[in-house]
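Chain by chain, the residues run as shown.
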Amino acid sequence: MKVGLILSAIIVVVFGIIFFLATSAGAGDPPKVTRDGALLEAYVLAENLPVLSVPTEPSADANERYDLLMEIWGRYDNRQTTRELAYSTKEELADLMIDAANAGRVRAPLLSRHATARPGLDADFARSVTGLVQALAGHAEATHADGDTQRADELARALLSFAVRLHRHGQTLTARMYGLMLIENAGMTLAKVHAGDAAMMQKLAAYNDAMVKVRKPWEEKQKVVLAGKPHVGDTLNIALNDKDPTWRATATMTLGRLKFSPGSKGNLKAIEAAIEKLKGDDNPRVAEAAQAAEAMTREDIQKM
């Protein structure tokens, strides 16, 4: 009698466990760092920053001019150091940067022909755009040292305008992230050109403060989405609920990688369900990222 009761109890417990696992299999891990929702806000550069660059051609297409600049820079950005660039080449690039800053019509996606959408960061674009700004920042400082303050100022302002525009109007995470980082580089160049100018230092401080307010939460999101082993719950939360489409698209692409190492059947079901839902997202960037995540193969991941 006692044996029968014990066996019955064991059967009930076993079926209870099976039922629990079956009903919770699609839940997935709960979020951790994104649980309270604060990190899901759309952190963007403030709009009320001091005006340091006013386009002289309001109706001109800035996108076309920046594309041309990057194409010409592509002929030179494989040099070992910027010192290898001829003075005439630096001047040509400076003219193009200033011309682009003077064009008033800029729109997303800026530099879409050069910054490709992919899981993680686009290392080639990051290297190229950083090299361009560093080369021209050095040229602006050298021009200032040679006594042509007006030309140096014009170029330094154009560099800051480029960085701000890339952050605001870039479409990929790499473009927007490096635009944010290059605000600091360009600001330092402008500070050197205007050393001792208290009014300019105050304006540049406003840019730096605004940049830091965006950079800190972006770095936290980066730790989730671009980690070697992304947390499934937080990645799902960003992909589904972040208020910034760039981060949603990036997290969605990360789901394509996570589906091959989900950690549990529940996580896999949650990932697959999210990708399916995101394929019909109202934002085309997110929907395209979901299509890419669904099509992603192990071979694709190995090439990253």
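Just so you know, these numbers come straight off a predicted model, no measurement behind them. Note that residues are indexed from 1 along each chain, following the sequence as it is written. It should be noted that, the model being predicted, local features are given only for residues of pLDDT at least 70 and side-chain atom pairs only at 80 or more, the latter also being counted only at that level, while totals for whole chains, interfaces and linings use all residues. Values shown for side chains rest on all heavy atoms present in the structure; no hydrogens or waters enter the calculation.

Trainee: Could you give an account of the packing of aromatic side chains, naming the residues involved and the relevant values?
Mentor: Under the pairing criterion, centres of Phe, Tyr and Trp rings, with the six-membered ring standing for Trp, must be within 6.5 Å; the plane angle then separates stacked pairs below 30 degrees from edge-to-face pairs above 60, leaving the rest tilted. Tallying each qualifying case throughout the model produces 2 aromatic pairs. Both rings, one in Tyr-66 and one in Phe-162, keep their centres 5.1 Å apart while their planes meet at 35 degrees; by these two values the pair is tilted. In this pair, Tyr-66 is assigned in helix 2 (residues 62–73) and Phe-162 in helix 5 (residues 149–169), connecting sequence segments 96 residues apart. When sorted by exposure, Tyr-66 lands in the same class as Phe-162, which is buried. Geometrically, the ring pair formed by Trp-218 and Trp-247 is edge-to-face, given 5.4 Å between the ring centres and 85 degrees between the ring planes. Taken together, the residues span a long stretch of sequence, with Trp-218 in helix 7 (residues 198–225) and Trp-247 in helix 9 (residues 245–258) at a distance of 29 residues. Here Trp-218 matches Trp-247 in class, with each residue buried. Strands here mean DSSP runs of E at least two residues long; helices mean DSSP runs of H or I at least four residues long; both are numbered from the N terminus. The rule is simple: take the accessible area with a 1.4 Å probe, protein chains only, and divide by the maximum for that residue type; under 20% is buried, over 50% is exposed, in between is partly exposed.

Trainee: So what's going on with helix 4 (residues 123–145)? Which residues, and what values?
Mentor: For an α-helix the count is 3.6 residues per turn, leaving residues at separations of three or four pointing the same way. Expected span of a helix: the number of residues minus one, times 1.5 Å. Taking 1.5 Å of rise per residue, the 23 residues of helix 4 would be expected to cover 33 Å, and the 33 Å separating its terminal C-alpha atoms lies within 8% of that figure. Just downstream of helix 4, Gly-147 is the residue with a positive phi angle, here 100 degrees.

Trainee: Give a detailed account of unusual backbone geometry, specifying residues and quantitative values.
Mentor: Between Ala-108 and the following residue, Pro-109, the backbone shows a cis peptide bond with an omega angle of 0 degrees. With respect to the secondary-structure elements, Pro-109 resides in the loop between strand 2 (103–105) and helix 4. Despite not being glycine, Leu-111 shows a phi value in the positive range, around 60 degrees. Inspection of the secondary structure puts Leu-111 in the loop between strand 2 and helix 4. Residue class for Leu-111 comes out buried when judged on its relative accessible area of 1%.

Trainee: Let's hear about the side chain of Asn-237: which residues, and what values?
Mentor: With respect to the element layout, Asn-237 can be found in helix 8 (residues 232–241). The contact rule is simple, with two residues in contact once any of their heavy atoms fall within 4.5 Å. The contact partners of Asn-237, leaving out residues within four places of it in the chain, are Pro-31, Thr-34, Leu-40 and Asp-242.

Trainee: So what about the confidence of the model for the protein chain? Which residues, and what values?
Mentor: On a scale of 0 to 100, pLDDT captures the predictor's confidence in every residue. Taken over all residues, the pLDDT of the protein chain has a mean of 89, while the share at 70 or more is 88%. Between residues 9–26, whose pLDDT stays under 50, and residues either more than four places distant or in other chains, the model counts 7 contacts.

Trainee: Quick one: what's the story with the nonpolar core, residue by residue and with numbers?
Mentor: We define a nonpolar core as any set of buried Ala, Val, Leu, Ile, Met, Phe, Trp, Tyr and Cys residues linked to one another through side-chain atoms lying within 4.5 Å. Ranked by size, the top nonpolar core spans 82 residues in total, and within it Tyr-66, Met-97, Leu-160 and Leu-255 carry the most contacts. Residues in contact with Met-97, not counting those within four places in the same chain, are Tyr-66, Leu-69, Leu-132, Leu-136, Leu-155, Ala-158, Leu-159 and Phe-162.

Trainee: Tell me about the pattern of salt bridges, and name the residues and values.
Mentor: We define a salt bridge as a side-chain nitrogen of Lys or Arg found within 4 Å of a carboxyl oxygen belonging to Asp or Glu. Scanning the entire structure with this criterion turns up 18 salt bridges. Asp-95 is the salt-bridge partner of Arg-151, the closest N and O atoms lying 2.8 Å from each other. Here the residue Arg-151 occupies a position in helix 5, and Asp-95 occupies one in helix 3 (residues 87–102), the gap between them amounting to 56 residues. Look at Asp-95 and you get partly exposed, because its relative accessible area is 35%. Across the pair Glu-294 and Lys-279 runs a salt bridge, and its minimum N-O distance is 2.9 Å. In this pair, Glu-294 sits in helix 11 (residues 284–295) while Lys-279 sits in the loop between helix 10 (265–278) and helix 11, placing the two residues 15 residues apart along the sequence.

Trainee: With reference to specific residues and values, describe the environment of Glu-272.
Mentor: Looking at where Glu-272 falls in the secondary structure, it is placed in helix 10. For the pair Glu-272 and Ala-293, spaced 21 residues apart in the sequence, the C-alpha separation amounts to 9.6 Å.

Trainee: How would you summarise the packing of helix 9 against helix 11 if you had to cite specific residues and measurements?
Mentor: Axes here refer to lines fitted to C-alpha atoms; in helices the fit is confined to the stretch in contact. Angles between the N-to-C directions go from 0 to 180 degrees. At a minimum axis distance of 8 Å, the contact between helix 9 and helix 11 shows a crossing angle of 10 degrees. By the criterion of interaxial angle, the relationship of helix 9 to helix 11 is roughly parallel. Facing Pro-245, Thr-246, Arg-248, Ala-249, Thr-252, Met-253 and Gly-256 of helix 9, the residues of helix 11 in contact are Arg-285, Val-286, Ala-289, Ala-290, Ala-292 and Ala-293. Charged residues are taken to be Asp, Glu, Lys and Arg, nonpolar residues to be Ala, Val, Leu, Ile, Met, Phe, Trp, Tyr, Cys and Pro, and polar residues to be all remaining types, Gly included. Residues of the contact of helix 9 with helix 11, tallied by class, amount to 8 nonpolar, 3 polar and 2 charged. An angle below 35 degrees is treated as roughly parallel, one above 145 as roughly antiparallel, one from 65 to 115 as roughly perpendicular, and anything else as oblique.

Trainee: Any details on helix 9? Residues and values, ideally.
Mentor: When the terminal C-alpha atoms of helix 9 are compared, their 20 Å separation across 14 residues agrees well with the 20 Å that a helix rising 1.5 Å per residue should span. The element helix 9 is extensively covered by neighbouring structure, given that 13 of its 14 residues are classed as buried. Polar contacts here mean pairs of N or O atoms no more than 3.5 Å apart (in protein, one a potential hydrogen donor and the other a potential acceptor; neighbouring residues in sequence count only if both atoms are side-chain atoms). Where helix 9 begins, the side chain of Asp-244 points an oxygen toward the backbone nitrogen of Thr-246, at a separation of 2.9 Å.

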